[in-house]
2 protein chains.
Amino acid sequence: MKEQFEKFITDLQNSICNEIELLDGEAKFKEDVWTREGGGGGFTRVLANGNIFEKAGVNRSAVHGEVTPALAAQLKTKGSHFFATGISLVIHPLSPMVPTAHANFRYFELYDEKKNKIDSWFGGGADLTPYYLFEEDAIHFHKTFKVACDQFDSSFYPKFKLQCDDYFNNTHRNNERRGVGGIFYDYLRSNEKQNEEFLYQFSEVCGHAFTKAYLPIVERTKSLPYGEEQIRWHELRRGRYVEFNLIHDRGTIFGLKSNGRTESILMSLPPRVRFDYDDKPNAGSREEELIKVLKDPKEWCN
Amino acid sequence: MKEQFEKFITDLQNSICNEIELLDGEAKFKEDVWTREGGGGGFTRVLANGNIFEKAGVNRSAVHGEVTPALAAQLKTKGSHFFATGISLVIHPLSPMVPTAHANFRYFELYDEKKNKIDSWFGGGADLTPYYLFEEDAIHFHKTFKVACDQFDSSFYPKFKLQCDDYFNNTHRNNERRGVGGIFYDYLRSNEKQNEEFLYQFSEVCGHAFTKAYLPIVERTKSLPYGEEQIRWHELRRGRYVEFNLIHDRGTIFGLKSNGRTESILMSLPPRVRFDYDDKPNAGSREEELIKVLKDPKEWCN
């Protein structure tokens, strides 16, 4: 499974980067290869200052080592050694009219002192962060992942949609979600009905659904007009993205506190950001419309 | 002591806000009065888009209530109820040549179930975050606080200078400090030699030293020329300020996770910020000179 999953994310990294470069038409990804002191390493690809994409990072890594006390506290299970591989990507378009997107697909193995595999699971998901709400985009994004989920288990989409809303939540902002969600799953383990190959296939189908879910939205919104007020709002909302990632995101905080590669972890942060004191959108504005949906997540597939 | 300390920080808030408005010559502070659900409240004053100061926040609060499990985990001591009052301020100038400054002075009391006072202490400090290093400014800032400390105890400055370097440390950036430091102290309790009044006087002298330490630096640097490259560097370095406050600062994280007033806590964040992937200053540049001092803090008073 380790090799199978690594091949999947290698292919996925290539195809996502190719599709983004093609759509952007100008900027190219640059790759940094890095190694981790405790074992393993990764391939970080970042594109900057494109026609459409201001900053996009697609990171693939495979790391292994001892389960440190910090990792043990993070995991909800015990073990002596671990192996983890995954792909993580964040795409920040230049235009305030084009949403940010994030996705992550990972596989984890845990071993006892004798290096016997004692546990393994899959995790992942994808979510959309618009700055101006276009309902058709949220519907398209969710429907694409619902179709992917439904091929495997009809309980997956409703469960993982809810988990996504629960996870990407700025609790310190009165439960304002980071965006309009998508799907989020973790600790997805094989059982009598769903073996490892089944869960792997599910990850693969979700991974390859990402560009189908996101890029048509970019195409549709990339030429919409905007001005200074929209740019300011974009930067303010990106501030909330920073707040979520640095205050609440388990992966980010764990990575930074456990000697991960800081630049690869923080490639997720948006390039230009504003933090203004107590900014409130006008009643009845497009900006307020977004906040309402973030505070009270909707069902996008009925 | 509660009343005495509250009077001190009320006066200090007024005098600092007055001096900043006077120097800026344009922008004025606006005050928000807020109450806390668990007990108490505060007075948040924020100034924005001035001639010299892009964003400045001076917050005063007095809160009380039950010691929650989250608070108990944060404190290194036990109790049933608490009282805390303090002033906290962060000043972000517009020009990259003018450093950011932060200061905080607070007093804490702890009670048992019968509301008997069982513990109390003082905390505080002030630190300077330049974007371009001018050694004379770092020396002036540190010397001002050394003079303040030395009036009370010659061991204070060396100890609190070191604690400041240790505390404002972006450990995830190879121990790059947030700035050139200053002083930081916490859990300063009365003892046989230094009673509460002595420690109060120390807090008061440090509090009133702040404008003497900082404003002459603003005066000296406010007219220095700068261009696009300096603005970009300023915004990137402000990104590090955000990283420290959201990832490492105990007060910020505790406040956000314990239902504090988010806008008052996050007024500390700089207004315009950049996060670029893997930016490295050129060898021998003014930018690299700053990083070297942040990674290897200097003694500024010999």
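What counts, and at which threshold
The numbering scheme is per chain: residues are counted from 1 as the chain's sequence reads. All chains are assigned letters beginning with A, and all ligands numbers beginning with 1, in the order in which they are written. The model is predicted, so local features are restricted to residues of pLDDT at least 70 and side-chain atom pairs to those at 80 or more, both for listing and for counting; the totals for chains, interfaces and linings are taken over all residues. The basis for every side-chain value is the complete set of non-hydrogen atoms in the structure, without hydrogens or water. Strands are runs of DSSP state E lasting at least two residues, helices are runs of H or I lasting at least four, and both sets are numbered from the N terminus onward. Buried means the residue's accessible area, taken with a 1.4 Å probe over protein chains only, is under 20% of the maximum for its type, while exposed means over 50%, and partly exposed covers the values in between. In this description, contact between two residues means that some pair of their heavy atoms is separated by no more than 4.5 Å. When two components associate, each loses some accessible surface as probed by a 1.4 Å sphere; the sum of these losses over both components is called the buried area. Basic side-chain nitrogens of Lys or Arg form a salt bridge, by our definition, when they fall within 4 Å of a carboxyl oxygen of Asp or Glu. When residue character is reported, Ala, Val, Leu, Ile, Met, Phe, Trp, Tyr, Cys and Pro are called nonpolar, Asp, Glu, Lys and Arg charged, and the others, Gly included, polar. DSSP-based pairing: two strands are paired if at least 2 bridges between them are found.

**Remarks on unusual backbone geometry**
All names here are of chain A.
Step number 1: Its identity is not glycine, yet Asn174 carries a phi of approximately 55 degrees, on the positive side.
Step number 2: Mapped onto the fold, Asn174 is located in the loop between strand S7 (169-170) and strand S8 (176-177).
Step number 3: Residue Asn174 is classed as exposed on the basis of its relative accessible area of 62%.
Step number 4: With phi around 60 degrees, Asn175 is a residue other than glycine that occupies positive phi space.
Step number 5: Mapped onto the elements of the fold, Asn175 is located in the loop between S7 and S8.
Step number 6: Exposure remark for Asn175: the relative accessible area of 37% places this residue in the partly exposed category.

**Regarding the interface of chain B and chain A**
For interface size, the figure often reported is the accessible area lost on association.
Step number 1: In this complex, chain B contributes 30 residues to the contact, which on the side of chain A involves 30 residues.
Step number 2: Of the roughly 2,700 Å² buried at the junction of chain B and chain A (both faces included), carbon and sulfur atoms supply 56%.
Step number 3: Looking only at chain B, the three residues that lose the most surface to chain A are Glu263(B), Phe275(B) and Tyr277(B), adding up to 28% of its buried area.
Step number 4: Between the two partners, chain B and chain A, sit four salt bridges.
Step number 5: Note that Glu263(B) and Arg173(A) form a salt bridge whose closest N and O atoms lie 2.8 Å from each other.
Step number 6: For the side of chain B that touches chain A, the secondary structure elements donating two or more residues are strand S2 (40-48), helix H6 (228-248), helix H7 (250-257), helix H8 (262-265) and strand S10 (272-274) of chain B.
Step number 7: When residues in the side of chain B that touches chain A are grouped by element, the largest group, five residues, is from H6(B).
Step number 8: For the side of chain B that touches chain A, the class distribution of residues is 13 nonpolar, five polar and twelve charged.
Step number 9: Inspection of the sheet shows strand S10 (residues 272-274) of chain A paired to S10(B) by three bridges, in the antiparallel sense. Its bridge partner lying in S10(B), Arg274(A) is registered against Arg272(B).

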